[in-house]
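Observations on the model geometry
Single-letter residue listing:
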Amino acid sequence: MNIRHAIALSMAVGVGALHPAGAQTVRPAPIAIHSVSVDLPVSHTSFPPGPGSELTGKCLICHSAGMVLKQPALTQEEWTAEITKMRKVYGAPIDDSDVAPLSAYFTKVSADQQGK
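Definitions and cut-offs
Residue numbers here run from 1 along each chain, matching the order of that chain's written sequence. Note on the predicted model: pLDDT of at least 70 is required for a residue's local features to be given, and 80 or more for side-chain atom pairs to be given and counted; whole-chain, interface and lining totals, by contrast, use all residues. The basis for every side-chain value is the complete set of heavy atoms in the structure, and neither hydrogens nor water enter the calculation. Values of pLDDT, the confidence the predictor places in each residue, fall between 0 and 100. Think of it this way: any DSSP run of H or I at least four residues long counts as a helix, any run of E at least two long counts as a strand, and we number them from the N terminus. Here a residue-residue contact requires only that any non-hydrogen atoms of the pair lie within 4.5 Å. Salt bridge, as applied in this entry: a Lys or Arg side-chain nitrogen positioned within 4 Å of an Asp or Glu carboxyl oxygen. Three exposure classes are used, based on accessible area relative to the maximum for each residue type with a 1.4 Å probe and protein chains only: buried under 20%, partly exposed in between, and exposed over 50%. One fewer than the residue count of a helix, multiplied by 1.5 Å, yields its expected span.

On average, the chain scores 82 in pLDDT, and the residues at 70 or more come to 79%. Across the chain, the element-wise mean pLDDT spans from 44 in helix 1 (residues 3-12) up to 96 in helix 3 (residues 76-88). Every residue in residues 1-18 scores below 50 in pLDDT, and together they form 16 contacts with partners more than four places removed in sequence or on other chains.

Now the structure itself:
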């Protein structure tokens, strides 16, 4: 392949000019950034007071209180697993020291709602 064919090929595939030594310079594809508007449903439900309720504000970053309170009754181990998933998978800003009191709070609240 002579240099004329190499230049034509690089232009056809959208690659930048050839380096004099024959190495291609690849330019990243342009990034399109746009904003999106999302209307979330209004929730008038709040978390009931109790030990650990002061930590629930961190949950409200992504969830309404109503959505959390509609979950089935879970054991504390299950709530701990859910909170850990929110932290590790979704990056919820919940400190290590908040996991136990938050899971205890949700365990009690969900048990109270289920009449257990």
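Next comes the rest of the write-up.
Bringing the pattern of salt bridges into the picture now. Scanning the entire structure with this criterion turns up five salt bridges. Notably, a salt bridge pairs Asp-95 with Lys-58, separated by 3.8 Å at the nearest N-O pair. You can see Asp-95 sitting in the loop between helix 3 and helix 4 (96-114) and its partner Lys-58 sitting in the loop between helix 1 and helix 2 (65-69), a full 37 residues away along the chain. Note on Asp-95: relative accessible area 44%, which makes it partly exposed. For Lys-58, a relative accessible area of 27% gives the class partly exposed. Linked by salt bridges that have partners in common, Lys-58, Asp-95 and Asp-98 make up one network.

In this section: the environment of Leu-74. Take Leu-74: it is sitting in the loop between helix 2 and helix 3. Its relative accessible area of 21% is what places Leu-74 among the partly exposed residues. When the C-alpha atoms of Leu-74 and Phe-106 are compared, they prove to be 8.3 Å apart, with 32 residues separating the residues in sequence. In contact with Leu-74, not counting residues within four places along its chain, are Trp-79, Glu-82, Thr-107 and Ser-110.

Our focus in this paragraph is helix 4. Here helix 4 spans 28 Å end to end across 19 residues, near enough to the 27 Å set by a 1.5 Å rise per residue. Those residues of helix 4 that fall on the buried side of the exposure criterion are Asp-98, Val-99, Leu-102, Ser-103, Tyr-105, Phe-106, Thr-107, Val-109 and Ser-110. Here the buried face of helix 4 lies against helix 2 and helix 3. Positive phi shows up at Gly-115, right after helix 4, with a value of about 75°.

Note that Asp-98 resides in helix 4. Excluding residues within four positions of it along the chain, Asp-98 makes contact with Leu-55 and Lys-58.

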